[in-house]
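The chain contents come next:
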Amino acid sequence: MRAGTGRENTDRILRMFARFITVGYVAYLAFLLPSIAAMAPRLDPWWTPTAVVAVFGSGIVIGLMSFLRDTRAIRVAAGVAAATFLLVAMSWPLAWIGPPVPGGEGVWLAGFPGLASIAAVIAWPTTVAFGHLVVGCVTVQLINYGVRADLASTMLVSEIAFAIVFCTLFVGGAAMAMRTGRILDSTTEQTHAAAATAAARHARAVEQDRFAALIHDGVMATLLTASRRAPKAAGLAATTLRELDAIASGVPSDQSFSASATLTYLRAAAAEADHDAVFEVTSADAGGLLVPADVARTVASALAEALRNSRRHAGPDATSTVHVWVTERDIDIRVTDDGVGFDKTSVAPHRLGVTVSILGRMRQLPGGSAFVDSAPGRGTTVRLGWDAA
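Parameters at a glance
- Residues numbered from 1 in each chain as written.
- Predicted model: local features only at pLDDT ≥ 70, side-chain atom pairs only at ≥ 80, totals over all residues.
- Heavy atoms only, no water.
- Helix = DSSP H or I, 4+ residues; strand = E, 2+ residues; numbered from the N terminus.
- Buried < 20%, exposed > 50% of the residue type's maximum accessible area, 1.4 Å probe, protein only.
- Areas by Shrake-Rupley, 256 points an atom, 1.4 Å probe, with all protein chains shown as cover.
- Salt bridge = Lys/Arg side-chain N within 4 Å of Asp/Glu carboxyl O.
- Disulfide = S-S within 2.5 Å.
- Phe/Tyr/Trp six-rings, centres within 6.5 Å; stacked < 30°, edge-to-face > 60°.
- Lys NZ or Arg CZ within 6 Å of the ring centre and 35° of its normal.
- Expected span 1.5 Å × (residues − 1).
- Patch = residues over 30% accessible without salt bridge, like charges linked within 9 Å, V, L, I, M, F, W, Y side chains within 5 Å.
- Axes fitted to C-alpha atoms, helices over the stretch in contact; angles between N-to-C directions.
- Parallel < 35°, antiparallel > 145°, perpendicular 65-115°, else oblique.
- Left-handed = near helix turned anticlockwise from the far one by under 90°.
- Contact = heavy atoms within 4.5 Å.
- Nonpolar A, V, L, I, M, F, W, Y, C, P; charged D, E, K, R; others polar.
- Polar contact = N/O pair within 3.5 Å; in protein donor to acceptor, adjacent residues only side chain to side chain.

Student: Any chance you could explain the overall build of the protein here in plain terms?
Tutor: A tally of helices and strands in the protein yields 10 helices and seven strands. Residues classed as buried in the protein amount to 42% of the 389 residues present. Here the protein displays about 20200 Å² of accessible surface, and carbon together with sulfur accounts for 64% of that area.

Given below as structure tokens:
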């Protein structure tokens with residue numbers, strides 16, 4: 001499972017507004033029922049029930065769509081609701097049969113043009129949503145002017161201006177909230193990318209230090225072999241000198257890891273993070289697997305972070321198990337503990353521990369995947385994967 005979509009904050013705000021809009025439509029339906037009933041005799045019999053079902057039904061569907069996983073359904077429903085409001089308002093003159101209403105009354109559609117425009121905000125670009133707001137306010141005020149008996153023409157402009165300004169407060173707030181979600185998602189993505197890059201550099205530095213230590217051992221082994229006049233001393237010396245030249249020139253070690261070398265590297269990373277963790281391996285014809293160095297470092301870093309999180313948060317009596325499946329095509333790792341667990345929905349969006357150090361690292365890795373499964377009292381499982389394809 002891929003580690004996130006990069007739209008978590010935007011989608012969260014989108015769902016919130018979808019439910020807010022539906023609550024608004026339900027509230028306006030209850031509030032405007034007397035006005036709807038009073039206006040119905042002045043319209044063709046078919047128009048009022050059709051308009052009520054179309055306008056309020058499409059608004060209620062938005063909130064229902066917010067419970068689906070795919071937020072595209074919310075945007076489609078919101079766009080339908082916003083367009084339906086305008087179509088119903090523009091069809092009013094076709095159904096009007098009179099007589100005019102008293103000056104203190106008005107058409108029920110004039111009560112909530114801004115709510116339909118908020119739906120437009122989550123469905124369409126902001127400029128289109130504000131265009132919807134202007135068209136909607138002008139349309140319903142023109143209808144008010146046409147059906148009211150004693151409304152002076154001089155009041156029409158002020159009525160339109162007031163409606164637009166009043167609705168703009170709410171529509172503008174919705175637009176800014178959606179923009180804030182997009183900015184936060186973009187910032188979070190940049191933070192994840194920076195953290196993943198820093199983690200890769202740190203892992204590379206650690207790996208270079210480890211290779212430097214091995215080369216040091218190679219130097220000692222070469223000197224020892226030479227002191228014994230062994231025939232392999234010349235070849236060993238040449239190899240050690242090449243490795244020393246590579247480090248002196250700053251050439252990083254980017255050679256791919258074999259399956260066995262990768263397992264050794266992962267085992268070392270796990271032991272360094274939690275020496276009490278159980279490390280189990282299942283290997284199925286993985287002899288031909290070659291793992292790029294950056295992949296091995298990233299996966300090992302995420303594995304180590306998962307174990308460190310277990311040590312910090314799972315509880316003093318918890319035990320951790322690492323199970324690694326390796327095939328010719330992929331690597332699958334599950335880090336499981338039997339600790340206290342946690343509620344994933346209660347983690348604040350700004351908390352970047354697991355999100356950056358584990359999910360963020362793996363998300364930046366081509367072919368990488370990550371998933372965290374936990375619940376209070378059921379422990380935690382972190383799944384890491386890499387597909388060679």
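Student: Explain the pattern of salt bridges here, please?
Tutor: Where side chains of opposite charge bring their charged atoms close, a pairing between them can arise. Evaluation of the coordinates by the stated rule reveals five salt bridges. For Arg72, the salt bridge identified is with Asp70, shortest N-O distance 2.7 Å. With relative accessibility at 34%, the residue Asp70 sits in the partly exposed group. Salt-bridge contacts for Asp332 lead to Arg383; the nearest nitrogen and oxygen are separated by 3.1 Å. Of this pair, Asp332 sits in strand β5 (residues 330-337) while Arg383 is found in strand β7 (residues 380-387), placing the two residues 51 residues apart along the sequence. Classification of Asp332 as buried rests on a relative accessible area of 14%.

Student: How do you make sense of the state of the cysteines when you look at a structure like this?
Tutor: Where two cysteines share a covalent bond between their sulfur atoms, that bond is called a disulfide. Under the defined criterion, the tally for this structure stands at zero disulfides. Looking at the unpaired Cys137, the closest cysteine sulfur is the one in Cys167, lying at 4.0 Å. Classification of Cys167 as buried rests on a relative accessible area of 7%.

Student: How do you make sense of the packing of aromatic side chains when you look at a structure like this?
Tutor: We describe a pair of aromatic rings using the distance from one ring centre to the other and the angle between the two ring planes. In total, this model carries 12 aromatic pairs according to the counting rule given. Ring centres of Phe56 and Phe112 lie 5.4 Å apart, and the angle between their planes is 40°; on these two criteria the pair is classed as tilted. Taken as a pair, Phe56 in helix α2 (residues 47-65) and Phe112 in the loop between α3 (72-95) and α4 (113-123) lie far apart in primary sequence, 56 residues in all. Taking 5.3 Å as the distance between ring centres and 65° as the angle between the ring planes, the aromatic pair formed by Phe166 and Phe170 counts as edge-to-face. Here Phe166 and its partner Phe170 are both found in helix α6 (residues 153-227), four residues apart, which amounts to about one turn of the helix. On the basis of relative accessibility, which here comes to 42%, the residue Phe166 falls in the partly exposed class. A connected cluster of aromatic rings, assembled from ring pairs, spans Tyr25, Tyr28, Trp47, Phe56, Phe85, Trp92, Trp96, Trp108 and Phe112. Between Arg19 and the ring centre of Phe67, over which it is positioned, the NZ or CZ distance is 4.4 Å.

Student: Please explain helix α9 (residues 293-313) as it appears in this structure.
Tutor: Because the α-helix completes a turn every 3.6 residues, residues three or four places apart line up on one side. Taking 1.5 Å as the rise per residue, α9 with 21 residues should run 30 Å; its terminal C-alpha atoms sit 30 Å apart, in good agreement. With 16 of 21 residues buried, α9 is to be regarded as a mostly interior element. Positive backbone phi, approximately 115°, marks Gly315, located one or two places after α9.

Student: Please explain a nonpolar patch on the surface as it appears in this structure.
Tutor: Together, Phe162, Phe166, Leu169 and Phe170 line one region of the surface with nonpolar side chains, adding up to about 470 Å² of accessible area. Its place among the elements puts Leu169 in helix α6.

Student: Even after reading the chapter, I still don't get the packing of helix α1 (residues 8-39) against α4, so can you show me in this structure?
Tutor: Angle between the axes and distance between the axes are the two parameters that describe a pair of packed helices. For the pair α1 and α4, interaxial distance at closest approach is 10 Å and the crossing angle is 160°. One way to sum up the angle between α1 and α4 is to call them roughly antiparallel. In this structure, the crossing between α1 and α4 has a hand that is left-handed. Packed against α1, whose contacting residues are Leu14, Phe17, Ala18, Phe20, Ile21, Gly24, Tyr25 and Tyr28, the element α4 presents Leu115, Ala116, Ile118, Ala119 and Ile122 at the interface. Residues that form the contact of α1 with α4 fall into these classes: 12 nonpolar, one polar and no charged.

Student: Help me understand the environment of Thr355 in this model?
Tutor: Here Thr355 is to be found in helix α10 (residues 353-363). Accessibility expressed as a relative area gives 27% for Thr355, which makes it partly exposed.

Student: Help me understand the side chain of His132 in this model?
Tutor: Topologically, His132 is positioned in helix α5 (residues 126-147). At 3.0 Å, the side chain of His132 and the side chain of Ser117 are in polar contact. Those residues in contact with His132, other than ones at most four positions away along the chain, are Ala82, Ala83, Leu86, Ala116, Ser117, Ala120 and Trp124.

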